[in-house]
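# Breakdown of the fold
The lines below spell out each chain.
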2 protein chains.
Amino acid sequence: MFSPLIDELMSALRCLPGVGPKSAQRMALHLLERDREGADRLAKALSASVAGVGECNRCRTLTEQHQCSICNNQRRTKSMLCVVETPADVLAIEQAGTYQGTYFVLHGHLSPIDGIGPSDLGLDQLQTLLAEGDIEEVILATNPTIEGEATAHYISERAKRADVSVSRIAHGVPLGGELEFIDGGTLAHAFSSRQKI
Amino acid sequence: MFSPLIDELMSALRCLPGVGPKSAQRMALHLLERDREGADRLAKALSASVAGVGECNRCRTLTEQHQCSICNNQRRTKSMLCVVETPADVLAIEQAGTYQGTYFVLHGHLSPIDGIGPSDLGLDQLQTLLAEGDIEEVILATNPTIEGEATAHYISERAKRADVSVSRIAHGVPLGGELEFIDGGTLAHAFSSRQKI
């Protein structure tokens, strides 16, 4: 409908998650009509990130450095390793602000049906890390989904074989959540995992 | 929180309309983790559009050509000129599929408080177009807001002086709309603009 360059921009914008044809059109026209500087800046940021950002060689989170700022931070407890599925999970835990250890990012979960096995999740690298002997505790913070639980179970077996203590973050009713609105699965889990006080 | 390149990407993504910090983070991580090809394509499309897209020299809509495909189309009725506020309005009217004339895009509306006067809307160019004598009817399709109405009124005065007939698109209850849910202003307008049948 528009000219080829604008059509291509609209179609390229649809690679963004949650952006359909209407939003893409709105974004493209907004950038071209009102914010060409922003569009230029975005183009440069995208090129620079795609070219520069790789994975931390210790924890596999996204970074353009050799090692990420958390692995590089001398004040972080290197003996604790929290295993998460994505870099976004690292951010969420960092924002909670209490965990002082380091991370290991799987970039996914075990999913044989999609052909995602242990080597795709860097579990060999994790094994090497555990074999070095510096890590005393592995905290499994994969998602409480079937695949996440399976991944956690697989890693816990490996960690135990390497003589490292393993824990799983607690699952149950979130703080400030009202029982009335909690789903049945979570409630059932909260009951079966109840703790003596 | 992340490394500088990723932080810059997240911040640059916020130039997109409707994208806040959370969406920007989700978009940046999605692109870096799962769709680097898409990110590359988007970067190229942005650069190409910013560099190449300008305005049609007849109707001022966005295009990378000298004249847009509508102005260039020999089958469009050049004697009708529909005045709209944005290129998105052109698209909306084109999708309705009945209008066969050409357009004139203001890229905004008169707004003295924001310092937007007639010359910012290309009204001198419109005047020249009207003076050429090819145009027989100007259809005002600016938005039914205070500024849109003021802009329509201003253009209608100019067009009348150039001896061109002027019309305004109809405003009222939309087809398929239920009276119960129509706002009072629209209803009042629908009554005052009622037509004999």
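Quick caveat, the model's predicted, so the values are computed rather than measured.

With that settled, the discussion passes to the interface of chain B and chain A. Contacts between the two partners involve 52 residues from chain B and, on the opposite side, 52 residues from chain A. Considering only the surface of chain B that becomes buried against chain A, Leu-5, Pro-17 and Leu-46 of chain B emerge as the three largest contributors, covering 12% of it. At the boundary of chain B and chain A, one finds 2 salt bridges. One salt bridge in this structure joins Glu-8 of chain A and Arg-41 of chain B, with 3.0 Å as the shortest N-O distance.

Now for the environment of Ala-51 of chain A. Secondary-structure assignment places Ala-51 of chain A in helix H3 (residues 36-52). Here the alpha-carbon distance between Ala-51 of chain A and Glu-64 of chain A, two residues 13 residues apart in the chain, equals 9.1 Å.

A few words on the packing of aromatic side chains. Taken as a whole and assessed by the stated rule, the structure comprises 2 aromatic pairs over all chains. The interplanar angle of 65° and the centroid separation of 5.3 Å between the aromatic rings of Tyr-99 of chain A and Tyr-103 of chain A together place this pair among those described as edge-to-face.

Considered domain by domain, chain A is made up of domain 1 (4-52) and domain 2 (74-168). Once you take the C-alpha centre of each, domain 1 of chain A and domain 2 of chain A turn out to be 35 Å apart.

Okay, the sheet that holds strand S5 (residues 137-140) of chain B next. Residue and element names in this part refer to chain B. Read from one edge of the open sheet, 4 strands run S4-S3-S5-S6, paired in parallel fashion. Two strands in the sheet have a free side with no partner beyond their single neighbour: strand S4 (101-105) and strand S6 (165-168). Taken over all neighbouring pairs, the strand axes of this sheet differ in orientation by 25° on average, direction set aside. In the sheet, strand S3 (residues 77-84) pairs with S5 via 4 bridges, with the strands oriented parallel. Residue pairing for S5: Leu-81 is matched across the bridge by Val-138. Helix H5 (residues 87-96) rests against S3 and S4 of the sheet, and its axis sits at about 160° to S4.

Another aspect to go through is the sheet that holds strand S6 (residues 165-168) of chain A. Residue and element names in this part refer to chain A. What the 4 strands build is an open sheet, ordered S4-S3-S5-S6; its pairing is parallel. Each edge of the open sheet is held by one strand with a lone partner, namely strand S4 (101-105) and S6. Across this sheet, the average inter-strand angle for adjacent strands is 25°, counted without regard to direction. Its contacts with the sheet place helix H5 (residues 87-96) against strand S3 (77-84) and S4, and it is angled at close to 160° to S4.

Residues and elements named next belong to chain A. The backbone of Asp-163 sits at a positive phi, close to 65°, despite the residue not being glycine. Summarising the element assignment, Asp-163 is placed in the loop between helix H7 (146-161) and S6. By relative accessible area, Asp-163 is classed as exposed at 73%.

Take the side chain of Ser-156 of chain B next. All names here are of chain B. Among the structural elements, Ser-156 can be located in helix H7 (residues 146-161). What makes Ser-156 buried here is its relative accessible area of 9%. Only 2.7 Å separates the side chain of Ser-156 from the backbone oxygen of His-153, close enough to count as a polar contact. If near-sequence neighbours (up to four positions away) are discounted, Ser-156 is found in contact with Leu-140 and Val-166.

The next point concerns the packing of helix H1 (residues 4-13) of chain A against helix H2 (residues 21-34) of chain A. Residue and element names in this part refer to chain A. The geometry of H1 relative to H2 is characterised by a closest axis approach of 8 Å and an angle of 125° between their N-to-C directions. Looking at the two axes, H1 sits oblique to H2. The interaxial crossing formed by H1 with H2 has right-handed handedness. Of H2, the residues touching H1 (which contributes Ile-6, Leu-9, Met-10 and Leu-13) are Ala-24, Gln-25, Met-27, Ala-28, Leu-29 and Leu-32. Partitioning the contact of H1 with H2 into residue classes produces 9 nonpolar, 1 polar and no charged.

Right, let's talk about the state of the cysteines for a bit. Under the criterion given, the structure shown has 0 disulfides over all chains. The thiol of Cys-15 of chain A is unpaired, and the distance to the nearest cysteine sulfur, on Cys-15 of chain B, comes to 13 Å. Distance from the sulfur of Cys-59 of chain A, which forms no disulfide, to the nearest cysteine sulfur (Cys-68 of chain A) is 3.6 Å. With relative accessibility at 2%, the residue Cys-59 of chain A sits in the buried group.

Reading the values: rules and limits
Position numbers for residues count from 1 along each chain, tracking the sequence in the order it is written. Each chain is given a letter, starting from A, and each ligand a number, starting from 1, according to the order in which they appear as written. Where totals are concerned, whole chains, interfaces and linings use all residues; where local detail is concerned, this predicted model gives features only for residues with pLDDT of at least 70, and gives and counts side-chain atom pairs only at 80 or more. Only hydrogens and water are set aside when side-chain values are computed; all heavy atoms of the structure are taken into account. Whether two residues touch is decided by their heavy atoms; if any such pair falls within 4.5 Å, the residues are in contact. Note: buried area is the sum, over both parts, of the accessible area (probe 1.4 Å) each one loses when the two are combined. Should a side-chain nitrogen of Lys or Arg be within 4 Å of a carboxyl oxygen of Asp or Glu, the pair is scored as a salt bridge. Helix and strand definitions here come from DSSP, where helices need a minimum of 4 consecutive H or I residues and strands a minimum of 2 consecutive E residues; each element is numbered from the N-terminal end. Side-chain rings of Phe, Tyr and Trp, where Trp is taken by its six-membered ring, are said to pair if the distance between their centres is within 6.5 Å; with planes under 30 degrees apart they count as stacked, over 60 as edge-to-face, and otherwise as tilted. Each domain's extent was defined by an automatic or database domain assignment. Note on pairing: two strands pair once DSSP finds at least 2 bridges between them. Lines fitted to C-alpha atoms define the axes, with helix axes restricted to the stretch in contact, and inter-axis angles between N-to-C directions lie between 0 and 180 degrees. Each residue is assigned to one of three classes by its accessible area relative to the maximum for its type, calculated with a 1.4 Å probe on protein chains only: buried under 20%, partly exposed between the two thresholds, exposed over 50%. Here a polar contact is recorded for every N or O atom pair within 3.5 Å, except that within protein the pair must consist of a potential hydrogen donor and a potential acceptor, and residues adjacent in sequence are included only if both atoms are side-chain atoms. Each angle receives one of four descriptions, namely roughly parallel if under 35 degrees, roughly antiparallel if over 145, roughly perpendicular if within 65 to 115, and oblique otherwise. It is the rotation of the near helix from the far one that decides the hand of a crossing: anticlockwise by less than a right angle makes it left-handed, clockwise makes it right-handed. For this classification, Asp, Glu, Lys and Arg are treated as charged, while Ala, Val, Leu, Ile, Met, Phe, Trp, Tyr, Cys and Pro are nonpolar and the rest, including Gly, are polar. Cysteine sulfur atoms are paired as a disulfide whenever they fall within 2.5 Å.

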